[in-house]
Amino acid sequence: GAVATYFMSVVPAHIMRSVGGGYDNESIAMTAMTMTFFFWNRSLRNDKSWWFGICAGLAYFYMVAAWGGYIFVLNMIGL
């Protein structure tokens, strides 16, 4: 089972037709979105984490510059 899982995760024909291949053209946007959520969540821990908020803002700016669907992040943070 584990060997089959490994092979299915690296076979390009399977990746292109699965959920994992849905982000092949938007890898920059997915990376920036992940950075935005990580830094935003990390900035909420305590008062000394304010610089993570700055990093979240920079990651969000990078995502807006790279991806047209940036409004989804605003909707998720708003929820």
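In case you missed it, the structure is sitting above this.
Residues numbered from 1 in each chain as written. Predicted model: local features only at pLDDT ≥ 70, side-chain atom pairs only at ≥ 80, totals over all residues. Heavy atoms only, no water.

**Side note on a nonpolar patch on the surface**
Reasoning step 1: Together, V64, Y70, I71, F72 and L74 give the surface a local cluster of nonpolar side chains, amounting to about 420 Å² of exposed area.
Reasoning step 2: Broken down by element, the nonpolar patch gets its largest block of residues, three residues, from helix 5 (residues 71-78).
Reasoning step 3: Among the structural elements, L74 can be located in helix 5.
Reasoning step 4: Classification of L74 as partly exposed rests on a relative accessible area of 43%. (Patch = residues over 30% accessible without salt bridge, like charges linked within 9 Å, V, L, I, M, F, W, Y side chains within 5 Å. Areas by Shrake-Rupley, 256 points an atom, 1.4 Å probe, with all protein chains shown as cover. Salt bridge = Lys/Arg side-chain N within 4 Å of Asp/Glu carboxyl O. Helix = DSSP H or I, 4+ residues; strand = E, 2+ residues; numbered from the N terminus. Buried < 20%, exposed > 50% of the residue type's maximum accessible area, 1.4 Å probe, protein only.)

**Notes on the packing of aromatic side chains**
Reasoning step 1: All chains considered together, the criterion is met by three aromatic pairs.
Reasoning step 2: Considering the side-chain rings of W51 and F52, the 4.1 Å spacing of their centres and the 25 degrees angle between planes classify their relative orientation as stacked.
Reasoning step 3: Residue W51 is classed as partly exposed on the basis of its relative accessible area of 44%.
Reasoning step 4: Take F52: its relative accessible area is 10%, and that puts it in the buried class.
Reasoning step 5: Among the aromatic residues, those joined into a ring-pair cluster are F38, F39, W51 and F52. (Phe/Tyr/Trp six-rings, centres within 6.5 Å; stacked < 30°, edge-to-face > 60°.)

**Some remarks on the nonpolar core**
Reasoning step 1: In this structure, A29, A32, M33, Y60, M63, W67 and V73 together form the largest nonpolar core, which totals seven residues.
Reasoning step 2: Element by element, the count of residues in this core is highest for helix 3 (residues 27-43), at three residues.
Reasoning step 3: Non-local contacts of M63, meaning those with residues more than four positions away in its chain, are made with A29, A32, M33, Y70 and V73. (Core = buried A, V, L, I, M, F, W, Y, C linked by side-chain atoms within 4.5 Å. Contact = heavy atoms within 4.5 Å.)

Honestly, that's just the spatial picture; any functional story needs more than this.
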